[in-house]
Amino acid sequence: DDQIERERASQRLPGGCCALAAIYLMGKFYVANAGDSRAIIIRNGEIIPMSREFTPETERQRLQFLAFLRPELLGKEFTHLEFPRRIQPKELGKRMLYRDQNMNGWAYKKIQEDDLKFPLIYGEGKKARVMATIGVTRGLGDHDLKVFSSNIHIKPFLSCFPEVRVYDLTQYEHCPDDVLVLGTDGLWDVTNDKEVAGVVMEVLTSYEPNDPCRYTMVAQELVVRSRGVLKERGWRLANDKLGSGDDISVFVIPLGGPGSYT
């Protein structure tokens, strides 16, 4: 992240990106995630999560706590408190549910003038944003990102530090159908873990266990199914829902060596 900051002028790269990495070292897989990509292990049909997404919703308390400690980062335009909906001026003096950096649940408070500011975190699910600007709270870059039409920087609220999970391959005997799947949010926006596992099993069983291209074909099939087919109403999945409109990158890594089934 520091290197991107140093090179952003010379390389003319003002944006940012998420990062998901898997490293094999001495019998263990280390999976590091900063952003909203996802990794899962599929072992004997069982799904084992190897990451979690970092979004304004999942990191709400971290973001609110930083804003509480350093209110100057909000530029007097935002409030670190969260409300179920945007407050209207006519609701001053009334009671409404809220939560702060210390709360998992909700409580009531009397609405004051300061509560009329735009919430630090606004929206739900994929539409949730930090300062109405960005929907991912960890990653690399974005050093120059600002709130639209303002001089408020978003970078202080973004973290480049990944969460690392460890999987010990020596604890299990893996078969050729056991895999680690890494995918960007373009895959997971339209496909859940169970559906991905189903595609993995479906494609792998159509190839011989010793065929090295079987894992590439799984990745290709996951990309194709998530993108969908171009129809009159846009790209559509098999269930006629909209296909992924985001970039889709997928890696399928075998955990077991080649062999034949008994």
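Bear in mind that the values here come from a model prediction, so they are computed numbers and not experimental data.

Caption draft 1: Main features of the UniProt feature "domain: PPM-type phosphatase" (unreviewed entry) in the protein. Under the present numbering, the feature "domain: PPM-type phosphatase" (unreviewed entry) in UniProt falls on residues 1-255. In the segment residues 1-255, helix accounts for 20% and strand for 26%; the C-alpha atoms at its two ends are 30 Å apart.

Caption draft 2: Region of the structure containing the sheet that holds strand β13 (residues 163-168). Spatial ordering of the open sheet is given by β2-β3-β13, a layout of three strands whose pairing is antiparallel. Of all strands in the sheet, those with a lone pairing partner are β2 (19-25) and β13, marking the two edges. Strand-to-strand, the axes of this sheet are offset by a mean angle of 15 degrees, without reference to chain direction. Sheet topology note: the β2/strand β3 (residues 28-34) ladder contains seven bridges and is antiparallel. In the sheet register, A22 faces β3, and the bridge partner there is V31.

Caption draft 3: Up close: the domain arrangement of the protein. The assigned domain composition of the protein is domain 1 (1-52 + 162-254) and domain 2 (59-141). If you average the C-alpha positions of domain 1 and of domain 2, the two centres end up 32 Å apart. Of the residues lining the interface, 14 residues belong to domain 1; the matching set on domain 2 comes to six residues. Of the roughly 800 Å² buried where domain 1 meets domain 2, counting both sides, 57% is carbon and sulfur surface. For the pair domain 1 and domain 2, the interface holds three salt bridges. Among the ionic pairs, D185 bridges to K126, the shortest N-O distance being 3.4 Å. For the interface between domain 1 and domain 2, the tally reads four residue pairs in polar contact (both at pLDDT 80 or more). A class-by-class count of the residues in the side of domain 1 that touches domain 2 yields six nonpolar, three polar and five charged.

Caption draft 4: Representation of unusual backbone geometry within the structure. Positive phi values are uncommon outside glycine, yet N44 reaches one of about 55 degrees. Along the polypeptide, N44 turns up in the loop between β4 (38-43) and β5 (46-49). Backbone geometry places A132, a non-glycine residue, at a positive phi of 55 degrees.

Caption draft 5: Looking closely at the nonpolar core. V179, V181, V196, V200, L222, V250 and V252 are the most contacted members of the largest nonpolar core, which totals 19 residues. Of all the secondary structure elements, the ones that give two or more residues to this core are β4, β14 (179-183), α3 (185-188), α4 (193-204), α5 (214-227) and β17 (250-254). Ranked by residues supplied to this core, first place goes to α4 with six residues. Beyond its immediate sequence surroundings of up to four residues, V179 is in contact with I40, I41, I42, V200, L204, Y215, V252, I253, P254 and L255. Core analysis: the next-biggest nonpolar cluster, separate from the first, contains 16 residues, L63, A67, I121 and F157 among them.

Caption draft 6: Region of interest: the sheet that holds β4. Taken in spatial order, the four strands line up as β5-β4-β14-β17 in an open sheet, and their pairing is antiparallel. Each end of this open sheet is capped by a strand with a single partner; those strands are β5 and β17. Strand-to-strand twist of the sheet, defined as the mean angle between neighbouring strand axes without regard to direction, takes the value 20 degrees. Contacts from α4 reach β4, β5 and β14 within the one sheet, and its direction differs from that of β4 by about 50 degrees. Against the sheet, α5 engages β14 and β17, with an angle of about 150 degrees to β17.

Caption draft 7: Local environment of the packing of aromatic side chains. The full count for this structure, using the stated rule, is four aromatic pairs. An angle of 65 degrees between the planes, with centres 5.7 Å apart, marks the rings of Y24 and F29 as edge-to-face. Between F78 and F118, the ring centres sit 6.1 Å apart and the planes meet at 90 degrees, which makes this aromatic pair edge-to-face. Here the residue F78 occupies a position in strand β6 (residues 78-79), and F118 occupies one in strand β9 (residues 118-119), the gap between them amounting to 40 residues. On the basis of relative accessible area, F78 is assigned to the buried category, the value being 6%. What links up through ring pairs into an aromatic cluster is the set F78, F118 and Y122. The cationic tip of R138 hangs over the ring face of F54; the distance from NZ or CZ to the ring centre is 4.0 Å.

So, how was this worked out
- Residues numbered from 1 in each chain as written.
- Predicted model: local features only at pLDDT ≥ 70, side-chain atom pairs only at ≥ 80, totals over all residues.
- Heavy atoms only, no water.
- UniProt positions renumbered as here; feature names shortened; annotations may be inferred.
- Helix = DSSP H or I, 4+ residues; strand = E, 2+ residues; numbered from the N terminus.
- Pairing = 2+ DSSP bridges.
- Axes fitted to C-alpha atoms, helices over the stretch in contact; angles between N-to-C directions.
- Domains from an automatic or database assignment.
- Contact = heavy atoms within 4.5 Å.
- Buried area = accessible area lost by both parts, 1.4 Å probe.
- Salt bridge = Lys/Arg side-chain N within 4 Å of Asp/Glu carboxyl O.
- Polar contact = N/O pair within 3.5 Å; in protein donor to acceptor, adjacent residues only side chain to side chain.
- Nonpolar A, V, L, I, M, F, W, Y, C, P; charged D, E, K, R; others polar.
- Core = buried A, V, L, I, M, F, W, Y, C linked by side-chain atoms within 4.5 Å.
- Buried < 20%, exposed > 50% of the residue type's maximum accessible area, 1.4 Å probe, protein only.
- Phe/Tyr/Trp six-rings, centres within 6.5 Å; stacked < 30°, edge-to-face > 60°.
- Lys NZ or Arg CZ within 6 Å of the ring centre and 35° of its normal.

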